[in-house]
Amino acid sequence: MDGRSEQVREYLSDVYGKPVEVIRIAGMGAEPGEAELKGFGYGRPYVIDFILEGRVRSVVLSSMRVQKGFGHDTFADRAAQMLWSNAAFNTLPRHVRSIDAGYFTKDGRLKSAGDADEFFILMERVSGIEYYRDLDRIKESGFFSGLDVERAVALSDYLVYIHQQKHDDRALWDRRVRELVGSGECIMGLADSYPDGFAYYSRDDFERMEKACVAWRWKLKPRYERLCVVHGDFHPWNILFRNGPDFTLLDRSRGEYGEAADDVSCMSLNYLFYSLQKYGRLDGEFKELWDRFMENYLVRSGDFAMLQIIQPFYAFRALVVASPLWYPTLDAEVRVKLFNFIDNVLAAGEFDYKDVNRYLKKAGRR
Ligand SMILES: Nc1ncnc2c1ncn2[C@@H]1O[C@H](COP(=O)(O)OP(=O)(O)OP(=O)(O)O)[C@@H](O)[C@H]1O
Ligand SMILES: [Mg+2]
């Protein structure tokens, strides 16, 4: 029995909990006598005939084609589809029954994942203090030291370093730009998470904002040369600092590669957000952090072109902090300024990082 049949025999015996004898494995639509690949060709259904409790049975094993685009780019995307199919096929009448979902191991074995109820990640425990506690301290006590500047520059340097690593994959770039606007975790998903009749931003405001973001999507799509290594959720709750500027990141999100402005906007928007809560504008210690973080990043990376790209990323991050879901007790004036910021920044061809306060004024939206 060839290696593949043996792996299938082992797997099916595990699924049925009884010994199975494999009779035939053939690609559906396989030409007679067509040579079989070492293992299973991904993306192609296979018929497996086998004997179980003296009766010949037949099942179909199918996996997803490894192809670029359509949101099937990563192994995790395809896993999600298989897990979903295994759950959803059996809830629809007259639909083929799913028996199990599983995965091929790197050495070609078949493993069942059908009894998975919820996935988890197990990671090392990192020591350190969340960075937002530094910003809380600066906001509440005003105690501010050279270490705070050192930490902002260390974060900025880190982004300069990772963003240097470019990656050539147009489909991943298109996906990242598409998801910024349309995914559940980003702009449209956030807009959906706001309560109906939200006082600070009407339904028409959200529609107009989304349309502006769609226009930005078509401006960004041709810039796929910018695809680089990113963190994807570079905010003060995902950074643990130890002594001095030494830190560890948590919670990388939405893909290994993306747009550098995603990370830069995520952190810098938090400096603005804290400053708005303290001063009603970008000022004081938080202006110092903003200036050092942004100046260091732009000068050291040389990526001033980012100032024509960053606008929809700022809109995304501002929609998070302006949300009553995460910040129910935010001062009304701060919320208003955040929506002004969103509208004004989306309307700006070049983002003026040296005069952010100009974007806090009421946009000519009425
Ligand atoms: N590996 C770890 N080591 C130490 N602390 C951790 C670790 N993972 C999480 N934490 C702590 O748990 C908190 C929340 O974790 P995590 O970031 O995974 O949650 P979250 O809900 O995903 O938040 P968000 O998506 O908004 O970042 C972190 O801010 C950190 O304090
Ligand atoms: Mg987190």
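The shown structure was predicted, so the numbers you read here are calculated from the model rather than taken from an experiment. (Residues numbered from 1 in each chain as written. Chains lettered and ligands numbered in written order. Predicted model: local features only at pLDDT ≥ 70, side-chain atom pairs only at ≥ 80, totals over all residues. Heavy atoms only, no water.)

A. The arrangement of the site of ligand 1 in detail. Near ligand 1 the following residues occur: Met 123, Glu 124, Arg 125, Val 126, Glu 130, Asp 233, His 235, Trp 237, Asn 238, Leu 240, Leu 250 and Asp 251. Glu 124 is positioned such that a nitrogen or oxygen atom in its backbone is 2.9 Å from a nitrogen atom of ligand 1. Take Glu 130: an N or O atom from its side chain is 2.2 Å from an oxygen atom of ligand 1. Relative to its free-state accessible area of 610 Å², ligand 1 is covered by the protein chains to the extent of 54%. Residue composition of the shell around ligand 1, by class: five nonpolar, two polar and five charged. (Near = heavy atom within 4 Å. Polar contact = N/O pair within 3.5 Å; in protein donor to acceptor, adjacent residues only side chain to side chain. Areas by Shrake-Rupley, 256 points an atom, 1.4 Å probe, with all protein chains shown as cover. Nonpolar A, V, L, I, M, F, W, Y, C, P; charged D, E, K, R; others polar.)

B. Up close: the coordination of the magnesium ion (ligand 2). Every protein donor of the magnesium ion (ligand 2) is accounted for by Asn 238 (OD1) and Asp 251 (OD), and the metal-donor separations fall at 2.0 Å. With Asn 238 in the loop between strand 7 (228–229) and strand 8 (239–241) and Asp 251 in the loop between strand 9 (247–249) and strand 10 (257–258), this residue pair connects regions lying 13 residues apart in the sequence. Given a relative accessible area of 5%, Asn 238 falls into the buried group. (Donors = N, O, S within 2.8 Å, 3.2 Å for Na, K, Ca; no water. Helix = DSSP H or I, 4+ residues; strand = E, 2+ residues; numbered from the N terminus. Buried < 20%, exposed > 50% of the residue type's maximum accessible area, 1.4 Å probe, protein only.)

C. Broad picture of the domain arrangement of the protein. Once the domains are mapped, the protein shows domain 1 (3–112) and domain 2 (129–360). Each of domain 1 and domain 2 was reduced to a C-alpha centroid, and the two centroids are 43 Å apart. Contacts between the two partners involve seven residues from domain 1, matched on the other side by five residues from domain 2. Between domain 1 and domain 2, roughly 390 Å² of surface is buried when both sides are summed, and carbon and sulfur atoms account for 46% of that area. Inspection of the region where domain 1 meets domain 2 yields three salt bridges. Here Asp 73 and Arg 175 are joined by a salt bridge, their closest N and O atoms 2.6 Å apart. Its residues placed into classes, the side of domain 1 that touches domain 2 shows no nonpolar, four polar and three charged. (Domains from an automatic or database assignment. Contact = heavy atoms within 4.5 Å. Buried area = accessible area lost by both parts, 1.4 Å probe. Salt bridge = Lys/Arg side-chain N within 4 Å of Asp/Glu carboxyl O.)

D. Summary view of the sheet that holds strand 2 (residues 46–52). The antiparallel open sheet is built from three strands, whose spatial order is 1-2-3. Where the open sheet ends on each side, the last strands, each with one partner, are strand 1 (20–27) and strand 3 (55–61). Strand-to-strand, the axes of this sheet are offset by a mean angle of 20°, without reference to chain direction. For strand 2 and strand 3, the ladder comprises seven bridges, and the chain directions are antiparallel. Looking at the pairing, Ile 51 lines up with Val 56 of strand 3. In the packing of helix 1 (residues 3–16) onto the sheet, contacts are made with strand 1, strand 2 and strand 3, and the angle to strand 1 comes to roughly 120°. (Pairing = 2+ DSSP bridges. Axes fitted to C-alpha atoms, helices over the stretch in contact; angles between N-to-C directions.)

E. Looking closely at the nonpolar core. With 80 residues, the main nonpolar core has Leu 155, Tyr 271, Trp 290, Phe 341 and Phe 351 as its most contacted residues. Per element, the largest residue contribution to this core is eleven residues, and it comes from helix 8 (residues 260–279). Excluding residues within four positions of it along the chain, Leu 155 makes contact with Tyr 131, Phe 234, Ile 239, Phe 241, Phe 247, Met 267, Tyr 271 and Phe 293. Among the nonpolar cores identified, the runner-up in size contains 14 residues, and Tyr 11, Phe 40, Ile 48 and Leu 61 belong to it. (Core = buried A, V, L, I, M, F, W, Y, C linked by side-chain atoms within 4.5 Å.)

F. Spotlight on helix 3 (residues 131–141). Three or more residues of helix 3 are buried, namely Tyr 131, Tyr 132, Asp 134, Leu 135 and Ile 138. Considered in projection along helix 3, the buried side chains sweep an arc of 155° and stay on one side of the axis. Gly 142, located one to two residues past helix 3, shows a positive phi value of around 75°. (Arc of directions from axis to C-beta.)

G. Region of the structure containing the packing of aromatic side chains. Summed over all chains, the structure comprises 26 aromatic pairs. Taken together, a centroid distance of 5.5 Å and an interplanar angle of 85° make the contact between Tyr 158 and Phe 247 edge-to-face. Of this pair, Tyr 158 sits in helix 4 (residues 146–163) while Phe 247 sits in strand 9, and the two are 89 residues apart along the sequence. Ring centres 6.2 Å apart and planes at 20° place the aromatic pair Trp 290 and Tyr 314 in the stacked group. With Trp 290 in helix 9 (residues 284–301) and Tyr 314 in helix 10 (residues 311–321), this residue pair connects regions lying 24 residues apart in the sequence. Pair check on accessibility: Trp 290 and Tyr 314 agree, each one buried. The lysine or arginine in question, Lys 219, covers the ring of Trp 216, its NZ or CZ lying 3.8 Å from the ring centre. (Phe/Tyr/Trp six-rings, centres within 6.5 Å; stacked < 30°, edge-to-face > 60°. Lys NZ or Arg CZ within 6 Å of the ring centre and 35° of its normal.)

H. Examining the layout of surface pockets more closely. In this structure, the largest pocket encloses a volume near 1600 Å³. As for the largest pocket, its lining consists of 43 residues, of which Ser 62, Met 82, Ala 101, Gly 102 and Tyr 103 are closest to the centre. Secondary-structure elements contributing two or more residues to the lining of the largest pocket are helix 1, strand 3, helix 2 (75–88), strand 4 (102–104) and strand 5 (110–112). The dominant element in the lining of the largest pocket, judged by the number of residues it contributes, is helix 2, at nine residues. (1 Å grid on protein atoms, 1.4 Å probe; cavity = no way out; pocket = protein on both sides within 12 Å on 5 of 7 lines; lining within 4 Å. Points joined across faces, edges and corners; volume = space filled by probe spheres on them.)

I. Region of interest: empty space enclosed by the protein. What the rule picks out here adds up to one cavity of 30 Å³ or more. Its volume calculated, the largest cavity comes out at about 60 Å³. Residue lining of the largest cavity: Arg 176, Glu 179, Leu 180, Cys 186, Arg 254, Asp 262, Phe 313 and Phe 316, and that is the complete set. Elements supplying a minimum of two residues to the lining of the largest cavity: helix 5 (170–182) and helix 10. Considering each element in turn, the lining of the largest cavity owes the most residues, three residues, to helix 5. Grouping the amino acids of the lining of the largest cavity by side-chain chemistry returns four nonpolar, no polar and four charged.

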